[in-house]
Amino acid sequence: MEKLEKINITTKNLASGNCQVKFVVEDDQDSRYGYLLMTEPKPVGEIILEIQRKLENRRMAERNINPLFPVAPAQEDPNFYLFSA
């Protein structure tokens, strides 16, 4: 069964030319928020897909399902921050 998540985003253009995306992820279990720094403008759909991909990568790193084939530790992404609300 697929998790149902609702992602709301707000964008802000920075003086550096980058775009800061603030996002809120709401699902059945908890709410989280975070920030994503983007160096180029993208459509809203692509931004949400990027956030979903990064969230899934984080979940997979936390699970490390098979101890016989350990997943290498993921490099922290300095452009992606996630907090519990």
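Here goes a summary of the coordinates provided. Predicted, not measured: the structure shown is a model, and the values here were computed from it. (Residues numbered from 1 in each chain as written. Predicted model: local features only at pLDDT ≥ 70, side-chain atom pairs only at ≥ 80, totals over all residues. Heavy atoms only, no water.)

Remarks on the side chain of E50
Put simply, the rule reads: Put simply, DSSP H or I for four residues or longer makes a helix, DSSP E for two residues or longer makes a strand, and each gets a number counted from the N terminus. Relative accessibility thresholds used throughout: buried, under 20% of the residue-type maximum; exposed, over 50%; partly exposed, between the two (1.4 Å probe, protein chains only). Polar contact is the term for a pair of N or O atoms within 3.5 Å; when the atoms are in protein, one must be able to donate a hydrogen and the other to accept it, and sequence-neighboring residues count only if both atoms are side-chain atoms. Residue contacts follow a heavy-atom distance rule, with two residues in contact if any of their heavy atoms lie within 4.5 Å.
Within the fold, E50 resides in helix α1 (residues 44-63). According to the relative accessible area criterion, E50 is buried, its value standing at 18%. At 2.7 Å, the side chain of E50 forms a polar contact with the side chain of R53. Those residues in contact with E50 that lie beyond four places of it in its chain are L36 and K42.

Notes on the environment of T11
Relative to the elements of secondary structure, T11 occurs in strand β1 (residues 6-13). In this structure T11 comes out as partly exposed when scored by relative accessible area, which is 47%. Each C-alpha atom, one on T11 and one on V21, is 4.5 Å from the other, the two residues being ten residues apart in sequence. For T11, the residues in contact, after removing those within four places along its chain, are C19, Q20 and V21.

Observations regarding the sheet that holds β1
Condition: The criterion for strand pairing is that DSSP finds at least two bridges linking the strands in question. In this description, a line fitted to the C-alpha atoms serves as the axis of each element, helices being fitted only across the stretch in contact, and the angle between N-to-C directions of two axes falls anywhere from 0 to 180 degrees.
Pairing is antiparallel across the open sheet formed by four strands, whose spatial order is β1-β2-β3-β4. The open sheet is flanked by β1 and β4 (80-84), the only strands paired with a single partner. Sheet twist, expressed as the average angle between the axes of neighbouring strands with direction ignored, equals 15 degrees. As paired strands, strand β3 (residues 31-38) and β4 are joined by five bridges and run antiparallel to one another. Across the sheet, residue Y33 finds its bridge partner in β4, namely F83. α1 rests against β1, β2 (19-26), β3 and β4 of the sheet, and its axis sits at about 120 degrees to β1.

Observations regarding the pattern of salt bridges
What counts here: The rule for a salt bridge is simple: a side-chain nitrogen of Lys or Arg has to be within 4 Å of a carboxyl oxygen of Asp or Glu.
All chains considered together, the criterion is met by seven salt bridges. Across the salt bridge formed by R32 and D27, the nearest N and O atoms sit 3.3 Å from each other. A single burial state applies to R32 and to D27, both of which are buried. The shortest N-O distance in the salt bridge between E50 and R53 comes to 2.7 Å.

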